[in-house]
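Listed below are the residues making up each chain.
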Amino acid sequence: MQQVKVGATRDPVDKSYRKMMQGVERFERDHALAPQAVLRFRLLPRQPDVDMQGVKLRIAGDTVSVPLPLSEDNSFAPVRNEQALREDAVLLANRKASSMSWRAQVITPGLPPGTRRLGDLRLECRAGMDSGLISNDPAIISWLSSMLYSTDKVCSQPDGNYLFFTDKPLLGVTLVHGERRVHLPFKMLYAGGEQTPASLPYCDCQVLLDRSYYAPLWDNSWPDDTLLEFDYMDDGDKREVAP
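Residues numbered from 1 in each chain as written. Predicted model: local features only at pLDDT ≥ 70, side-chain atom pairs only at ≥ 80, totals over all residues. Heavy atoms only, no water.

A. Representation of the sheet that holds strand 2 (residues 38–45) in the model. Taken in spatial order, the 3 strands line up as 5-2-7 in an open sheet, and their pairing is antiparallel. Each edge of the sheet is formed by a strand with only one pairing partner; in this case those strands are strand 5 (75–76) and strand 7 (100–107). Across 8 bridges, strand 2 lies against strand 7 in antiparallel orientation. Residue pairing for strand 7: L44 is matched across the bridge by S101. Sheet contacts for helix 1 (residues 17–29): strand 2, strand 5 and strand 7; angle to strand 2, the most-contacted strand, approximately 140°. Packed on one face of the sheet, helix 3 (residues 118–130) meets strand 2 and strand 7 and runs near 135° to strand 7. (Pairing = 2+ DSSP bridges. Helix = DSSP H or I, 4+ residues; strand = E, 2+ residues; numbered from the N terminus. Contact = heavy atoms within 4.5 Å. Axes fitted to C-alpha atoms, helices over the stretch in contact; angles between N-to-C directions.)

In structure tokens form, the structure reads like this:
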């Protein structure tokens, strides 16, 4: 079995390999939401001083050490390894704990630039929740505990609060399906606009606050083929965002 050496890091980032594979199984089970998409996982910065260059990631168990190659955007394809499952392995990165966020990534190929598909986001939430990729914000943990950590409830109720991120700072988001166009309200941008200096360190959005948004996953009046169009702060032609 191929081995990889990751430089020793005190208190490293890690995630449960079994949980990640549960997310893969959820993706396969609900693939009809995004039939053309593939599942990847992506590492995102969580602290302002974290270096996202040269990140190395591996599956680490008692006897297993399997490298997971990262693409330029620090995403990777899940790999199934039965020995790692038996050993309850972890995904281990050469960065300190809480320095990075993890997200599932479900993207249908061929979408227009600066857009996401709502069905992709619905599936991304389900795969992410089953993978255990949730914020450690105490308020969110408390809410999830009351919901018994139900993926279906988190991803299908208005107060589910599963965060998504764009690649650039956001000005606004518009839902588009046919002739119907609706701007997302401000309360669905920037982690709801509710973060404080005290709570921000506990949010996955700590350094990505201006790239964060919620999507109306629960609203069945918007079909899976609905597109979310992003207006970025650095766009030359900025549309006004509805209050």
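B. Summary view of the state of the cysteines. Counted according to the given criterion, the structure contains 1 disulfide. Note on cysteine connectivity: C125 is disulfide-linked to C155, with sulfurs 2.0 Å apart. Judged by the torsion about the S-S bond (-85°), the C125/C155 disulfide is left-handed. With C125 in helix 3 and C155 in the loop between helix 5 (151–154) and strand 9 (164–165), this pair connects stretches of sequence that are 30 residues apart. Here C125 and C155 have matching classes, each one buried. (Disulfide = S-S within 2.5 Å. Buried < 20%, exposed > 50% of the residue type's maximum accessible area, 1.4 Å probe, protein only.)

C. Layout of the environment of R103. One can find R103 in strand 7. For R103, a relative accessible area of 7% corresponds to the buried category. Residues R103 and L163 lie 60 residues apart in sequence; the distance between their C-alpha atoms is 9.4 Å. Other than its neighbours up to four places away in sequence, R103 contacts R40, F41, R42, L44, L133, Y162, L163, F165 and D204. A distance of 3.3 Å separates a polar side-chain atom of R103 from the backbone oxygen of L163. (Polar contact = N/O pair within 3.5 Å; in protein donor to acceptor, adjacent residues only side chain to side chain.)

D. Quick look at the layout of surface pockets. In this structure, the largest pocket spans a volume of roughly 590 Å³. As for the largest pocket, its lining consists of 31 residues, and the residues nearest its centre are R42, Q105, F165, T166 and D167. Of all the elements in the fold, those that place two or more residues in the lining of the largest pocket are strand 2, strand 7, strand 8 (115–117), strand 9 and strand 13 (227–232). (1 Å grid on protein atoms, 1.4 Å probe; cavity = no way out; pocket = protein on both sides within 12 Å on 5 of 7 lines; lining within 4 Å. Points joined across faces, edges and corners; volume = space filled by probe spheres on them.)

E. Layout of the nonpolar core. Grouped together as the largest cluster of nonpolar side chains are 32 residues, with contacts concentrated most on Y17, L39, F41, I59 and L91. Listed by contribution, the elements that provide at least two residues to this core are helix 1, strand 2, strand 3 (57–60), helix 2 (82–86), strand 6 (90–96), strand 7 and helix 3. Of all the elements, helix 1 adds the most residues to this core, at 5 residues. Setting aside chain neighbours within four positions, we find F41 in contact with M20, V24, N74, S75, F76, P78, R103, A104, S131 and L133. (Core = buried A, V, L, I, M, F, W, Y, C linked by side-chain atoms within 4.5 Å.)

F. Here's a closer look at the pairing of strand 2. Sheet topology note: the strand 2/strand 5 ladder contains 2 bridges and is antiparallel. Bridged to F41 within strand 5 is F76.

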